[in-house]
Each structure stands twice: as C-alpha cells, then as structure tokens.
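Tertiary structure, described
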Amino acid sequence: MPSADRHVSPRRWPVPVGGAEGRYGTDSPAVAEGAETATGPAACRTPYRRILATRTWIGATIAYFGTYWVIAFALVWLPSYLHEGLGYSSATSARLLMLVWGMSGIVLLGQAGLTGWLLRRGTASRWARGRVGGILMLNGAAACLALPWARPVP
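Residues numbered from 1 in each chain as written. Predicted model: local features only at pLDDT ≥ 70, side-chain atom pairs only at ≥ 80, totals over all residues. Heavy atoms only, no water.

1. A word on the nonpolar core
Listed in full, the seven residues of the largest apolar core are Phe73, Leu78, Tyr81, Leu82, Leu86, Leu97 and Leu147. If one sorts the elements of this core by residue count, helix α4 (residues 55-85) sits on top with four residues. Discounting residues that sit within four places of it in the chain, Phe73 has contacts with Leu78, Cys144 and Leu147. (Core = buried A, V, L, I, M, F, W, Y, C linked by side-chain atoms within 4.5 Å. Buried < 20%, exposed > 50% of the residue type's maximum accessible area, 1.4 Å probe, protein only. Helix = DSSP H or I, 4+ residues; strand = E, 2+ residues; numbered from the N terminus. Contact = heavy atoms within 4.5 Å.)

Written as structure tokens, this is what we have:
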C-alpha cells in the first residue's frame, strides 16, 4: 500500500480502469530524468496510413469481420435454419444453439491453453498465436460452409 505522502499517478492504473501508458509513458523514470532520446515516445509518431497498410492490421480486420459475421449468423439465422429448414423443434433448436456456444467457449479456452503450452515449449510466438488461431478459424469456416449439407431430421 503506498504511503500517504506518495502520490499514485492514475496513469499507472490497469488499462480497463484508466488506460495506462505502460513503461514508456511520459511519467516513466527515463522521461522524468530528462533522458528522452530521438527514439522516445515523442519522436516515434507513426502515421495511421502506415499502420493501416500493415499486413497484421489488414489480416486482423479481415479476421474480425469474419468473426462478427459468424456471430451474427449464429444469433440470427442459425435458429431459424435449424427450426424451419431442418425440421427441429424450437426446444431442440435452442439446445443445439447452446451446444454451439458452449463448444465455442471450450475451443476458446483450449486455444488459450494450447497457445500457452506452445509458448512455454519455446515455439515462436507468431506460430503459437497466429497460426493456431488461423487454423481454428479455418475449421470454423469449414463447419459453417458444411452446414447446408446437414440432413434434416426424419
């Protein structure tokens, strides 16, 4: 607990509470002592057009678009398709939809565990984080594309 005479800067709060700048913010010890260099926070301004043209940003934007499209698809269209198109009752359609969301949560937690395990084993971060997520996203896309070939209940 900080002493009463020591001021705790709100810039050091966690990001969800106050949006901390991290150790490179203007209240870091190096900046406070006047040791800012040409590579410091003030000199390192990157234009938005350069950020928005990176493959990382473009790939993440495409992935998020696809993710939100699938969420909208699962919330709006899938229950109607299960009920009207495949002939499931409303209760069964709701159970199947809960199964989809439950499996999504399990896969999400499994991805986090797998990524952490790969990183602890020394796997490159790009492979552990990027390719594992990409492979899982492609599996989800294949499942969505296979849905029209599902057989109706007898």
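2. What to know about the confidence of the model for the protein
Here the protein averages 77 in pLDDT, and 71% of its residues register 70 or above. Mean pLDDT across the elements of the protein bottoms out in helix α1 (residues 15-18) (49) and peaks in helix α5 (residues 90-120) (91). Under a pLDDT of 50 for its full length, residues 5-15 has, in the predicted model, 14 contacts with residues more than four places off or in other chains. (pLDDT = per-residue confidence, 0-100.)

3. What to know about the side chain of Ser93
Tracing the backbone through its elements, the reader meets Ser93 in helix α5. Given the relative accessible area of 4%, Ser93 is considered buried. With near-sequence residues (within four places) excluded, Ser93 lies in contact with Pro79, Leu82, His83 and Tyr88.

4. Here's the deal with the packing of aromatic side chains
Summed over the entire model, instances satisfying the criterion amount to four aromatic pairs. Here Tyr64 and Tyr68 contribute two aromatic rings whose centre-to-centre distance is 6.4 Å and whose plane-to-plane angle is 25°, an arrangement assigned as stacked. Highlighted residues: Tyr64 and Tyr68, both in helix α4, separated by four residues, approximately one helical turn. Tyr68 matches Tyr64 in its accessibility class, with the two residues each being exposed. (Phe/Tyr/Trp six-rings, centres within 6.5 Å; stacked < 30°, edge-to-face > 60°.)

5. Quick look at the layout of surface pockets
Space inside the largest pocket adds up to approximately 1700 Å³. Every residue lining the largest pocket is counted, 38 residues in all, and those nearest its centre are Thr67, Val70, Leu136, Met137 and Gly140. Broken down by secondary-structure element, the contributors of at least two residues to the lining of the largest pocket are α4, α5 and α6 (125-146). (1 Å grid on protein atoms, 1.4 Å probe; cavity = no way out; pocket = protein on both sides within 12 Å on 5 of 7 lines; lining within 4 Å. Points joined across faces, edges and corners; volume = space filled by probe spheres on them.)

6. Focus: the environment of Leu52
Among the structural elements, Leu52 can be located in helix α3 (residues 48-52). Overall, Leu52 belongs to the partly exposed group, its relative accessible area being 39%. Ignoring anything within four residues of it in the chain, the contact list for Leu52 reads Trp57 and Ile58.

7. Some words on α6
Taking 1.5 Å as the rise per residue, α6 with 22 residues should run 32 Å; its terminal C-alpha atoms sit 31 Å apart, in good agreement. Of the residues making up α6, those classed as buried are Ala128, Val132 and Gly133. At its buried positions, α6 is contacted by α5. (Expected span 1.5 Å × (residues − 1).)

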